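Each chain, letter by letter, is given below.
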Amino acid sequence: VLGSGYSTTTSVLGGGGGEVARLMKRKRPDLDFPLLNISAAQLAMCPQGFAQIRASGEDIPAADGSFDAAMACYAVGHMDKDKALAEMRRVVRKGGVIFVADITGCELGELNYANHAWDGVTPGGMTTERFSRWMPDFEARFPNAHPVIYREIVQ
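First, a word on scope: everything that follows refers to the structure included in this document. (Residues numbered from 1 in each chain as written. Predicted model: local features only at pLDDT ≥ 70, side-chain atom pairs only at ≥ 80, totals over all residues. Heavy atoms only, no water.)

## Section: the pairing of strand β5 (residues 92–104)
Each regular strand displays side chains that alternate between the two surfaces of the sheet. Keep this limit in mind: DSSP calls a pair of strands paired once it identifies at least 2 bridges connecting them. To qualify as a helix, a DSSP run of H or I must reach at least 4 residues; to qualify as a strand, a run of E must reach at least 2; elements of each kind are numbered from the N terminus. Whether a crossover is right-handed comes down to one check: with the strands pointing away from the viewer, does the path from the first strand over the helix to the second run clockwise; if it does, it is right-handed.
Examined bridge by bridge, strand β4 (residues 67–73) and β5 share 6 bridges and lie parallel to one another. Looking at the pairing, Ala-69 lines up with Val-97 of β5. Each parallel crossover has a hand, and the one from β4 via helix α3 (residues 81–91) to β5 is right-handed. Taken together, the 8 bridges between β5 and strand β6 (residues 146–153) define a ladder with antiparallel strand orientation.

Encoded structure:
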């Protein structure tokens, strides 16, 4: 997501159990990855050493331009997309990066996934294997679902 010349702080919206931030930190130990999540249960699953912010991605408690980048993986689908993107644009400095990976083409509420309905049910987080056992018929139930990647340089 970021070039090798960055020494930066990247806000991770909807950080889940912190796995993406942990993997990013392993590759880029020079970067900081504060985790933002509305779910206290998910923040409690996060690895030690990451700043945690309990809040919604639609109302980030940070000053304008506070971060060099914002990343949201499978989180914006649980929010009002326009509000979340507006907040990311507000808290990321000019020239910074917004990166979003998510699913489109299905209503996530039908998955009983939105609003963190599975908080605390899966200690250690939701892995691909656990998800497959939880919903083996995902592709049949949601044939229009497909991944979406969005990247923006803040102007």
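Let us keep going from here.
## Concerning the sheet that holds strand β1 (residues 10–13)
Spelled out, the test is: The convention used is that axes are lines fitted to C-alpha atoms, helices contributing only their stretch in contact, and that angles between N-to-C directions extend from 0 to 180 degrees. For this analysis, residues touch if any pair of their heavy atoms sits within 4.5 Å.
Spatially, 6 strands are ordered β3-β2-β1-β4-β5-β6 in an open sheet, and the strand pairing comes out mixed. Two strands bound the open sheet, and with one partner strand each, they are β3 (52–54) and β6. Taking each pair of neighbouring strands and ignoring which way they run, the sheet shows an average axis angle of 15 degrees. Examined bridge by bridge, β1 and β4 share 4 bridges and lie parallel to one another. Each residue of the ladder has a partner; that of Ser-11, found in β4, is Ala-70. Its contacts with the sheet place α3 against β1, β4, β5 and β6, and it is angled at close to 155 degrees to β5.

## So, the nonpolar core
Test applied: Here, nonpolar core refers to any group of buried Ala, Val, Leu, Ile, Met, Phe, Trp, Tyr and Cys residues whose side-chain atoms link them within 4.5 Å. Exposure classes here rest on a 1.4 Å probe applied to the protein chains alone. A residue is buried below 20% of its type maximum, exposed above 50%, and partly exposed in between.
Counting 19 residues, the largest nonpolar core has Leu-13, Met-88, Ile-98 and Val-100 as the members making the most contacts within it. Elements supplying a minimum of two residues to this core: β4, α3 and β5. Ranked by residue count, the leading element in this core is α3, at 4 residues. The contacts of Leu-13, once residues within four sequence positions are left out, are Leu-36, Gly-57, Ile-60, Ala-70, Met-71, Ala-72, Cys-73, Ala-75 and Met-88. Residues Val-12, Leu-31, Phe-33 and Leu-43 belong to the second largest nonpolar core, which totals 11 residues.

## Points about the side chain of Asn-37
Note the following rule: N or O atoms closer than or at 3.5 Å make up a polar contact, with two conditions inside protein: a donor-capable atom paired with an acceptor-capable one, and, for residues adjacent in sequence, both atoms drawn from side chains.
Within the secondary structure, Asn-37 sits in strand β2 (residues 35–37). We classify Asn-37 as buried; its relative accessible area is 2%. Side chain to side chain, Asn-37 and Gln-42 meet in a polar contact 2.8 Å long.

## Concerning α3
Inclusion rule: The reported arc concerns the directions from the helix axis to the C-beta atoms and nothing else.
Among all positions of α3, only Ala-84, Leu-85, Glu-87, Met-88 and Val-91 are buried. Across the axial projection of α3, the buried residues extend over an arc of 160 degrees, all falling on one side. Next to the buried residues of α3 lie β1, β4, β5 and β6.

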